[in-house]
Amino acid sequence: MQEEHTQFMAEAIRLATENVSLRNGGPFGAVVVKNGEVVGRGYNQVTANNDPTAHAEVMAIRDACQTLQIFQLDGCVVYTSCEPCPMCLGAIYWARPDKLYYGCTKDDAAAIAFDDAFIYEELNVHLHERKIPMLPLSREAALKAFELWENNTTKITY
């Protein structure tokens, strides 16, 4: 079993390494595996796509969900070449895979200028004290969509 995990991690690392050569974005790769088969692949495409959300894990999750035609990754395992950033960690929790394996640590990433410490710190700061001001606006109007959702008997919950 350990050999299988190492093989899937090697694929995530291969994607990360290849991505450096292709100059699509940072040195990050990820795969999603279900029942011993890779069902999703992703590599960082931030600069290639001009998309700050195009991280390897997010791209692999999107690919796996399209392949499997589902919106949650129950029964899946994510292998990523680096410990996920806060955004990717959130996406992984929303996707609900069974497990995640990572290669490099967030400290390794910080050492090459991919430092997400400020985001982790911002999560603990009061909304009114964050570096990007976050101000409430039109809550009553926005609640109408929530009410429609709550009363919708045909919704697909997640």
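Bear in mind that the values here come from a model prediction, so they are computed numbers and not experimental data.

Rules of the game
- Residues numbered from 1 in each chain as written.
- Predicted model: local features only at pLDDT ≥ 70, side-chain atom pairs only at ≥ 80, totals over all residues.
- Heavy atoms only, no water.
- Salt bridge = Lys/Arg side-chain N within 4 Å of Asp/Glu carboxyl O.
- Helix = DSSP H or I, 4+ residues; strand = E, 2+ residues; numbered from the N terminus.
- Buried < 20%, exposed > 50% of the residue type's maximum accessible area, 1.4 Å probe, protein only.
- Polar contact = N/O pair within 3.5 Å; in protein donor to acceptor, adjacent residues only side chain to side chain.

Q: Help me understand the pattern of salt bridges in this model?
A: Should their charged atoms come close, side chains of opposite charge can pair. For the structure on display, the rule yields 4 salt bridges. The salt bridge partner of Glu-11 is Arg-41, with a shortest N-O separation of 2.8 Å. With Glu-11 in helix H1 (residues 2-22) and Arg-41 in strand E2 (residues 37-43), this residue pair connects regions lying 30 residues apart in the sequence. Judged by its relative accessible area of 15%, Glu-11 is buried. Using a relative accessible area of 40% as the deciding quantity, one classes Arg-41 as partly exposed. The closest approach of N and O atoms between Arg-139 and Glu-140, which form a salt bridge, is 3.6 Å. Judged by relative accessible area, which is 57%, Arg-139 ranks as exposed. Within this structure, Glu-11, Arg-14, Glu-18 and Arg-41 form a network of salt bridges that share partners.

Q: What am I meant to see in the side chain of Asn-19 here?
A: Within the secondary structure, Asn-19 sits in helix H1. A distance of 2.9 Å separates a polar side-chain atom of Asn-19 from the backbone oxygen of Gly-26. Among the polar contacts made by the side chain of Asn-19, one reaches the main-chain carbonyl oxygen of Asn-44 at a distance of 2.7 Å.

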